[in-house]
Amino acid sequence: MTETRKNFTSKLGVVLAAAGSAVGLGNVWRFPTEVGNNGGAAFILIYLICVLAVGVPVMMSEFLIGRHTHANTITAFSKLAPGKWWRIQGVSGVFVAFLILSYYTVISGWTLYYLVQSLKGGLLESQDYLAYFSSFVSDPYMPVIYAAVFMLMTHLVIARGVQSGIERFSKIMMPLLLLIICVLVVCSFGMPGAGTGLRFLLKPDFSKVTASVVLSAMGQAFFSLSLAMGCLCTYASYFTSDTKLVKTAFSVCSIDTFVAVLSGFIIFPAVFSVEGVNPDEGPGLVFVTLPYVFNMAFHQSVPLLGYLFSGLFYLLLLLAALTSAMSLHESVTAYVIESLRLPRKKASAWVSVCCMALGVLCSLSFGVLSDVTVCGLTIFDLFDFCASKIIMPAGGLIICLFTGWYLDRKLVYNELTNEGTVPFRLFRVYVFLIRYVVPVAIALIFINELLG
Ligand code: PHE
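Below you will find a few notes about this structure. Note that this is a predicted model, so its numbers are computed, not measured.

**Section: helix H7 (residues 129-137)**
Turning to step 1, where the next piece is worked out: Among the residues of H7, Tyr129, Tyr132, Phe133, Phe136 and Val137 are the ones counted as buried. All buried residues of H7 project into a common sector of 115° when viewed along the axis, lining one side.
Turning to step 2, where the next piece is worked out: Near the N-terminus of H7, the side chain that reaches the backbone nitrogen of Leu130, with its oxygen 3.2 Å away, is that of Asp128.

Following this line, the structure appears as structure tokens:
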């Protein structure tokens, strides 16, 4: 027997759960570096345009598909287009969520390890941060254990269900995350390098803006807003008939962008406070450069401050990762519950175990399996490449074509306006964007990423 389908119970729960999916590692470590390297405020401006012109319309489309069908992503497409090949988008959404969850868990496990080590003191006492990081990630056991603990945390939330799991924990974790960000921004602004860091981040340099910068802003918007992975579509299937889809999409996009910009305000002032440190990107920035910065800027003078700042920072990263992982997990679990008719606890356990098995391979690809490559990519890089460079943009394109060209215009309008009860004056603009502008934009990202 399967559980009866539950819905989110409050507007706040809806916004915080969806924002939790969007706010993730991508906001904290990818956005700030992209801004710093690609023209500062000029990049932020382009990013905002991408969020408004591409992110919001695609998110609204996912919302309407999910809420209209009240089903997991695969069933949603089958219901709206019975017997048609559109179903493939549902399948690829669930598959890619599974794939991403497997490697997202590995990095989240690193975050958990760094949190534990900052609190225990082991991290900041280390002398060589690169060696510290490399020896940890290439170890066959420790990263796997931490990834498994992270998966267990995600599992425990998902197994409790939509209301007492996802909604309840999003309502606790998201406000906590926002609070930590604000505390860290204030601390970071008080540091000696704050001015230089802010100038690096914000100085508009339009000479750096090329076509490929515009496309990478769009790619970043896509990943950061969790689009085309069935996550938001699945969450929307738990929205009630009075949830305002357009307003929710705007709120989620605003929170996501706000967190991304504030993350830059935390990282760069801190990084520029320590002489000789250059902002690196991705894992290097978060796991090598920042521990050094925390040590030099705080720990050397007041050790307690060092523990506090680094502990809070990795806790922030962990919360962001956890709320995103929950949405990836739920996208797959909802399908398993509804298609295999398994009870939620069993379904989520299967998803956690299978995903963890892939996660072990991803983790080992930094150590003992680093020689195993396909087309020159390790297992981890291969998963990342397939998911974020191929399946995700292709999925975005299909969603636009589906809502813009296949679905009945009346159905789309009724869903976005709650049967005409909520005004949506820009409906025509939405239709224009989703039919013409977004598909062309996504096709360009796709080609750019494949060629680049
Ligand atoms: N949006 C998340 C981030 O910024 C990543 C993510 C992608 C989460 C897709 C869920 C689905 O890190």
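**Re the site of the ligand**
Turning to step 1, where the next piece is worked out: Around the ligand sit 15 residues, and of these Ala22, Leu25, Gly26, Tyr104 and Phe223 come closest.
Turning to step 2, where the next piece is worked out: For the ligand, a nitrogen atom lies 3.5 Å from a polar atom in the backbone of Ser21.
Turning to step 3, where the next piece is worked out: Measuring from an oxygen atom of the ligand, one finds a side-chain N or O atom of Asn27 at 3.1 Å.
Turning to step 4, where the next piece is worked out: Contact with the protein chains removes 100% of the 320 Å² of surface that the ligand exposes when unbound.
Turning to step 5, where the next piece is worked out: At the level of elements, helix H1 (11-22), helix H2 (25-37), helix H11 (211-224) and helix H15 (303-340) are the ones that each hand at least two residues to the shell around the ligand.
Turning to step 6, where the next piece is worked out: Looking at the shell around the ligand residue by residue, the classes come out as seven nonpolar, eight polar and no charged.

**With respect to the environment of Leu382**
Turning to step 1, where the next piece is worked out: Note on placement: Leu382 falls in helix H17 (residues 379-406).
Turning to step 2, where the next piece is worked out: Judged by relative accessible area, which is 22%, Leu382 ranks as partly exposed.
Turning to step 3, where the next piece is worked out: Remark: the alpha-carbon pair of Leu382 and Arg409, spanning 27 residues in sequence, is separated by 39 Å.

Rules used throughout
Throughout, residues of each chain are indexed from 1 in the direction in which the sequence is written. The model is predicted, so local features are restricted to residues of pLDDT at least 70 and side-chain atom pairs to those at 80 or more, both for listing and for counting; the totals for chains, interfaces and linings are taken over all residues. Hydrogens and water are ignored here; the side-chain numbers use all heavy atoms of the structure. Buried means the residue's accessible area, taken with a 1.4 Å probe over protein chains only, is under 20% of the maximum for its type, while exposed means over 50%, and partly exposed covers the values in between. The helix and strand labels rest on DSSP assignments: H or I over at least four residues marks a helix, E over at least two residues marks a strand, and numbering proceeds from the N terminus. Note: the arc covers the axis-to-C-beta directions of the helix. Between N or O atoms, a polar contact is any pair within 3.5 Å; within protein, one atom must be a potential hydrogen donor and the other a potential acceptor, and residues adjacent in sequence are included only when both atoms are from side chains. Nearness is judged by heavy atoms alone; a residue qualifies as near a molecule or strand once a single heavy atom is within 4 Å of it. The method behind every accessible area is Shrake-Rupley, applied with a 1.4 Å probe, and residues are considered shielded solely by the protein chains displayed. Residue classes follow a fixed rule: Ala, Val, Leu, Ile, Met, Phe, Trp, Tyr, Cys and Pro count as nonpolar, while Asp, Glu, Lys and Arg count as charged, and any other residue, Gly among them, counts as polar.

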